[in-house]
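These are the residues of each chain, in order.
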Amino acid sequence: MTQTIHARAVLLDMDGTLVDSTAVVERLWLAWAEPHGIDPATVLSVVHGRQGHQSMAIMLPERDHAINLHENDLMLANEASDVDGVVTIPGAGAVLDALLPFPHAIVTSANVALMTARMQAAGLTVPAIAVTAENVSASKPDPEGFLLGATLLGVDPEDCIVFEDSGAGIQAGLAAGMRVLGVGQHAAAHSPTYRVDDLTQVAVAPSADGFTLTID
């Protein structure tokens, strides 16, 4: 059933929403987890959508967090240099182009270097406004990043639509008081406001006070 949503701004997650980086994320994180004896299923249930040091803290709760911060820096550098298998989510380029006249921003748990590497690898242009790991004190599912994105765009949270794929990201968007468009097969399990399989199902058109998103 076609749905039409009115909004004034869009806040877009990157990994799993604009860029499919599943192959490299799982490759590097499973390699990190192996010496610790952490079950692969546990790793894959934790790492998507969060900053790396928070994922490490969840999986190794007794470990000194300073070690997590150090290893997270190493992980980010490794991820930024390994883009083998990184591809665009279908429809992402068209949606970003359609949003150019309207307020929009990336809100990602990646840092600037990783965001830039993955967006370039996928052939996508980074929006002018981006909220990255350097800009927040708390990782998703905390809503800080999305609230900061709305502030930078000058748009009230209730007038924003979040595009997200992960449970942590969907929780963060809802906690920010925003409507959330869940992207991908796994998003439905986290109760987003709306859901699509990919971004080919989303069309953007101007309206009297903002724009509309039509979801097929």
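Calculation notes
Residues numbered from 1 in each chain as written. Predicted model: local features only at pLDDT ≥ 70, side-chain atom pairs only at ≥ 80, totals over all residues. Heavy atoms only, no water. Phe/Tyr/Trp six-rings, centres within 6.5 Å; stacked < 30°, edge-to-face > 60°. Helix = DSSP H or I, 4+ residues; strand = E, 2+ residues; numbered from the N terminus. Buried < 20%, exposed > 50% of the residue type's maximum accessible area, 1.4 Å probe, protein only. Polar contact = N/O pair within 3.5 Å; in protein donor to acceptor, adjacent residues only side chain to side chain. Salt bridge = Lys/Arg side-chain N within 4 Å of Asp/Glu carboxyl O.

1. Some remarks on the packing of aromatic side chains
Summed over all chains, the structure comprises two aromatic pairs. A ring pair is formed by Trp29 and Trp32, whose centres lie 5.3 Å apart and whose planes are at 70°; its orientation type is edge-to-face. In this pair, Trp29 and Trp32 are both assigned in helix H1 (residues 22–33), three residues apart and thus about one turn of the helix distant. Residue Trp29 shares its accessibility class with Trp32, and that shared class is buried. Measuring from ring centre to ring centre gives 4.9 Å for Phe102 and Phe211, while their planes differ by 40°; the resulting arrangement is tilted. Placement of Phe102 in the loop between helix H5 (92–99) and strand S5 (104–107) and of Phe211 in strand S11 (residues 210–215) is noted, with a sequence separation of 109 residues between them. Take Phe102: its relative accessible area is 17%, and that puts it in the buried class. With relative accessibility at 0%, the residue Phe211 sits in the buried group.

2. A short note on the side chain of His104
Note on placement: His104 falls in strand S5. A distance of 3.2 Å separates a polar atom in the side chain of His104 from the backbone oxygen of Leu99.

3. Points about the pattern of salt bridges
Where side chains of opposite charge bring their charged atoms close, a pairing between them can arise. Evaluated as defined, the whole model comprises nine salt bridges. Salt-bridge contacts for Arg195 lead to Asp197; the nearest nitrogen and oxygen are separated by 3.1 Å. On the accessibility criterion, Arg195 (31% relative accessible area) is partly exposed. In this structure Asp197 comes out as partly exposed when scored by relative accessible area, which is 38%. One salt-bridge network, held together by shared partners, links Arg8, Asp159 and Asp209.

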